[in-house]
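# Coordinate analysis (summary)
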Amino acid sequence: MRIIYILWLRQLKRYARSKARIVGSLCHPLLFLVALGFGMGDIYERAGEGDYIIFLSPGIIAMTTVFSSIFTGVDVIWDRKFGFLKETLVAPVSRLKIMLGRTLGGATTAMIQALIVLGITIPLGFEFNWLMLPFGLLFMLLIAILFTALGTTIGSVIKDLQAFHLIMNFVVMPMFFLSGALFPVNGSSDIFRYILHFNPLAYGVDGVRGSLTGDFYFNMPLNLTVLVILTSIILFIGSCIFSRIEA
Amino acid sequence: MIIRITNLSKKFNDFTAVDDISFSVEKGSIFAFLGPNGAGKTTTIKILTTLLRPSSGKISLDGCDPVKNAKRARRSFGIVFQDPSLDDELTAFENMELHGVLYGIPKKILGENIRELLEFVELWGRHKEQVKNFSGGMKRRLEIARGLLHHPRILFLDEPTLGLDPQTRYHIWSYIKNMNQKEQTTVFFTTHNLDEAERMAEKIAIIDEGKIITQGSPQQLKEATKMGSLEEAFIKLTGHHIREQSPSHSDKMRRQHQLLKH
Ligand SMILES: Nc1ncnc2c1ncn2[C@@H]1O[C@H](COP(=O)(O)OP(=O)(O)OP(=O)(O)O)[C@@H](O)[C@H]1O
Ligand SMILES: [Mg+2]
């Protein structure tokens, strides 16, 4: 426990000390909220769908969680470049613990980012059911762990940031745009709704939105089951890969 | 013998960095692993410390096989890497503390041990400062202090005194020597400072282009080459030419091009 804790703490300290990163990674969600929220809000309301900010906010919160998580996950690449990874790799502790400490630490910082964004959406007009907030937080946490573990796994396999950007552009971005985070799934085409079922992020976005606003596309148990199973699988694969890293 | 290496080889693709080497290190001794740039010293240390898997051969570290039983092997050694391995965002104290936790040093004595070592390397005055503000020599001293923190049975030092001034080098070596005598710590080190090797090492192995070319005490190496100092003996044994660093990718392409032309 002490080992997982100290590695968790390390991620938090690194996060708290990089003000530029905190501000930088809040820019994107804000841009999306403002540009889409005010740009599309009218059209959305005229189409009779209700308040767009209420629809969009959970999506942006989920987005913040996903991207912050992946980025802290791939910190492994930096730790390898700057050498610190070696220090943990030769330590006489199981690499599963190292992976868990890193992942939980990264996930915690992603949660903090997401909570900041949640705080920003409220004055912008986001109304939600406070009683259901714990469930919303649970889904955010699951997304955070899933994608930090995914980032750590990716960072353990690839050694340079170019390859990482490729993965971001060709896997994570499409996954995000097709997750229902930005626009409602009900009104879209059959193909889109079909692929939605294979998009892990869709269950996360739906979990956050459903919990906070009551507007589920799937349902709570299904979202939870899919996310818990996927997170376990990624953690398992990730720690296998992480434990075989050479430096 | 606390370290035993038998017919060890390491290939990176088609390049052989370590080529069928065998030697062993006696428990409680100070052993210098010398060789020109690119000879394969760091690669050998990385294999011994479970950071790389060997291509072939057998190794044993404190009675266990680092390939099969990595976790047990990791319990037996401490290492100061040739390249930086600190977390620049953390403070000096936090770097030490993290190390102490990873090696299971009890909380009660950890703080005091850290203080002692940081005082020894004269960094206690700045222990609350982030490492990124440190000079090269300060970082090096911190790396050494960290490697010593958990009092390992075997200490790997890959060019530990790189970039340190003579006073600091002397200071640190006397500490290590003392630890070696008091705690029977086995010291396995590399250096390009041959005076240092001559002064400290009981036994030396010289590796060149992945192969062990000779082993023995400093005295034996000098006698065998009929030279007055280890430095002269080293040059006699390894030749005068500067080792080309492993060919870069473009070098390889050029070479292939030339081969094709002929
Ligand atoms: N990961 C790697 N991939 C490919 N080649 C490598 C790798 N690591 C080391 N080498 C090559 O193996 C050879 C031995 O390198 P090594 O770092 O062991 O040398 P060294 O004896 O420590 O040299 P130095 O005194 O310069 O530190 C070099 O030619 C190096 O380029
Ligand atoms: Mg080296």
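Calculation rules
- Residues numbered from 1 in each chain as written.
- Chains lettered and ligands numbered in written order.
- Predicted model: local features only at pLDDT ≥ 70, side-chain atom pairs only at ≥ 80, totals over all residues.
- Heavy atoms only, no water.
- Contact = heavy atoms within 4.5 Å.
- Salt bridge = Lys/Arg side-chain N within 4 Å of Asp/Glu carboxyl O.
- Polar contact = N/O pair within 3.5 Å; in protein donor to acceptor, adjacent residues only side chain to side chain.
- Helix = DSSP H or I, 4+ residues; strand = E, 2+ residues; numbered from the N terminus.
- Nonpolar A, V, L, I, M, F, W, Y, C, P; charged D, E, K, R; others polar.
- Phe/Tyr/Trp six-rings, centres within 6.5 Å; stacked < 30°, edge-to-face > 60°.
- Buried < 20%, exposed > 50% of the residue type's maximum accessible area, 1.4 Å probe, protein only.
- Lys NZ or Arg CZ within 6 Å of the ring centre and 35° of its normal.
- Donors = N, O, S within 2.8 Å, 3.2 Å for Na, K, Ca; no water.
- Patch = residues over 30% accessible without salt bridge, like charges linked within 9 Å, V, L, I, M, F, W, Y side chains within 5 Å.
- Areas by Shrake-Rupley, 256 points an atom, 1.4 Å probe, with all protein chains shown as cover.
- Core = buried A, V, L, I, M, F, W, Y, C linked by side-chain atoms within 4.5 Å.
- Pairing = 2+ DSSP bridges.
- Axes fitted to C-alpha atoms, helices over the stretch in contact; angles between N-to-C directions.
- pLDDT = per-residue confidence, 0-100.
- 1 Å grid on protein atoms, 1.4 Å probe; cavity = no way out; pocket = protein on both sides within 12 Å on 5 of 7 lines; lining within 4 Å.
- Points joined across faces, edges and corners; volume = space filled by probe spheres on them.
- Expected span 1.5 Å × (residues − 1).
- Bend = angle between axes of the 7 residues up to and from the residue.

### Considering the interface of chain B and chain A
Counting residues at the interface gives 36 residues for chain B, matched by 24 residues for chain A. At the surface where chain B touches chain A, the tally comes to six salt bridges. Between arginine 14 of chain A and aspartate 87 of chain B there is a salt bridge, with the nearest N and O atoms lying 2.7 Å from each other. Counting across the interface, chain B meets chain A through 12 residue pairs in polar contact (both at pLDDT 80 or more). With seven residues, helix H3 (residues 92–102) of chain B is the largest single contributor of residues to the side of chain B that touches chain A. Its residues placed into classes, the side of chain B that touches chain A shows 15 nonpolar, eight polar and 13 charged.

### Considering the packing of aromatic side chains
This model, assessed by the stated rule, comprises 25 aromatic pairs over all chains. A centroid spacing of 5.6 Å and a plane angle of 80° characterise the contact between phenylalanine 71 of chain A and phenylalanine 164 of chain A, whose relative ring orientation is edge-to-face. Of this pair, phenylalanine 71 of chain A sits in helix H3 (residues 52–73) while phenylalanine 164 of chain A sits in helix H8 (residues 161–177), and the two are 93 residues apart along the sequence. Residue classification places phenylalanine 164 of chain A among the buried positions, given a relative accessible area of 1%. Between tyrosine 217 of chain A and phenylalanine 218 of chain A, the aromatic rings sit 5.1 Å apart at their centres with planes inclined by 75°, giving edge-to-face as the arrangement. These aromatic residues form a ring-pair network of at least three members: Phe23, Phe31, Phe33, Phe77, Phe156 and Phe188 of chain B. The ring centre of phenylalanine 81 of chain B lies 5.2 Å from the NZ or CZ of lysine 86 of chain A, which sits over that ring. A cation over a ring is seen here: arginine 209 of chain A above phenylalanine 55 of chain A, with NZ or CZ 3.6 Å from the ring centre.

### A short note on the coordination of the magnesium ion (ligand 2)
Listed as protein donors to the magnesium ion (ligand 2) are Thr42 of chain B (OG1) and Gln82 of chain B (OE1); their distances from the metal cover 1.9 to 2.0 Å. Residue threonine 42 of chain B is located in helix H1 (residues 41–48), and its partner glutamine 82 of chain B is located in the loop between strand S5 (77–80) and H3; the two are separated by 40 residues in the primary sequence.

### Brief notes about a nonpolar patch on the surface
Residues and elements named next belong to chain A. On the surface, Phe177, Leu178, Ile191, Tyr194, Ile195 and Phe198 cluster together into a nonpolar patch covering about 650 Å² of accessible area. Take the nonpolar patch: its biggest share by element is three residues, from helix H9 (residues 190–196). Here phenylalanine 177 lies in helix H8.

### Focus on the nonpolar core
By size, the foremost hydrophobic cluster in this structure holds 149 residues, and its most contacted members are Phe164 of chain A together with Ile3, Leu34, Leu142, Phe156, Phe188 and Phe189 of chain B. Once you skip the residues sitting within four places of it in the chain, phenylalanine 156 of chain B turns out to touch Ile3, Ile45, Leu48, Thr49, Leu61, Phe77, Gly78, Ile79, Val80 and Phe188 of chain B.

### Considering the pairing of strand S7 (residues 186–190) of chain B
Residues and elements named next belong to chain B. Among the five residues that make up S7, five are buried, leaving the element largely enclosed by the rest of the structure. Side-chain alternation along S7 places Thr186, Phe188 and Thr190 on one buried face and Val187 and Phe189 on a second face that is also buried. Bridging between strand S3 (residues 30–34) and S7 involves three bridges; their strand directions are parallel. If you follow alanine 32 over to S7, its bridge partner there is phenylalanine 189. As judged from the five bridges shared by strand S6 (residues 154–158) and S7, these two strands associate in the parallel manner. What sits directly across from isoleucine 154, in S7, is threonine 186.

### As for H3 of chain B
The periodicity of an α-helix, 3.6 residues per turn, causes residues three or four positions apart to be oriented the same way. In terms of burial, H3 of chain B is largely enclosed, as nine of its 11 residues are buried. Within H3 of chain B, the full set of buried residues consists of Ala92, Glu94, Asn95, Met96, Leu98, His99, Gly100, Val101 and Leu102 of chain B.

### Remarks on the sheet that holds strand S8 (residues 203–208) of chain B
Residues and elements named next belong to chain B. Pairing in this open sheet of six strands is mixed, and the strands run S5-S6-S7-S3-S8-S9 from one edge to the other. On the outer flanks of this sheet lie S5 and strand S9 (211–216), each paired with one strand and no other. The sheet shows a mean angle of 15° between the axes of neighbouring strands, taken without regard to direction. Bridging between S3 and S8 involves four bridges; their strand directions are parallel. Residue pairing in the sheet places alanine 32 in a bridge with isoleucine 204 of S8.

### Digging into the side chain of serine 239 of chain A
All names here are of chain A. Within the fold, serine 239 resides in helix H11 (residues 220–242). Taking the relative accessible area as the measure of exposure, serine 239 reaches 10% and is therefore buried. Of the polar contacts made by the side chain of serine 239, one reaches the backbone oxygen of phenylalanine 236; its length is 3.1 Å. Look past the residues within four positions of serine 239 in its chain and what remains in contact with it is Leu96 and Met99.

### Quick word on the confidence of the model for chain B
Confidence in the prediction of chain B, expressed as mean pLDDT, is 93, and 93% of residues score 70 or more. As a predicted assembly, this complex carries a pTM of 0.91 together with an ipTM value of 0.90.

### Topic: empty space enclosed by the protein
Applying the stated rule across the entire model yields two cavities of 30 Å³ or more. As a volume, the largest cavity reaches approximately 50 Å³. Lys86 of chain A together with Thr42, Ile45, Lys46, Ile79, Phe81, Gln82, Asp83 and Asp158 of chain B are the residues that line the largest cavity. Per element, the largest residue contribution to the lining of the largest cavity is three residues, and it comes from H1 of chain B.

### Details of helix H2 (residues 19–46) of chain A
All names here are of chain A. The end-to-end C-alpha distance of H2 is 40 Å, a good match for the 40 Å that 28 residues give at a rise of 1.5 Å each. Largest kink in H2: about 45°, centred on methionine 40. Buried within H2 are the following residues: Ile22, Leu26, Pro29, Phe32, Leu33, Leu36, Gly37, Gly41 and Tyr44. Against the buried residues of H2 lie helix H1 (2–17), H3, helix H6 (95–121) and H8. Backbone geometry just downstream of H2 places glycine 48 in the positive-phi region, at approximately 80°.

### Considerations on the sheet that holds strand S2 (residues 15–25) of chain B
Residues and elements named next belong to chain B. Read across the open sheet, the three strands follow the order S2-S1-S4; overall the sheet is antiparallel. Both edges of this open sheet fall to S2 and strand S4 (56–61), since each of them pairs with a single strand only. Across the sheet, the axes of successive neighbouring strands diverge by a mean angle of 20°, strand direction being ignored. In terms of strand pairing, strand S1 (residues 3–12) meets S4 through five bridges, oriented antiparallel. Note that in S4 the partner of threonine 6 across the bridge is lysine 58. Along the sheet, H1 makes contact with S1, S2 and S4, crossing S1 at roughly 115°.

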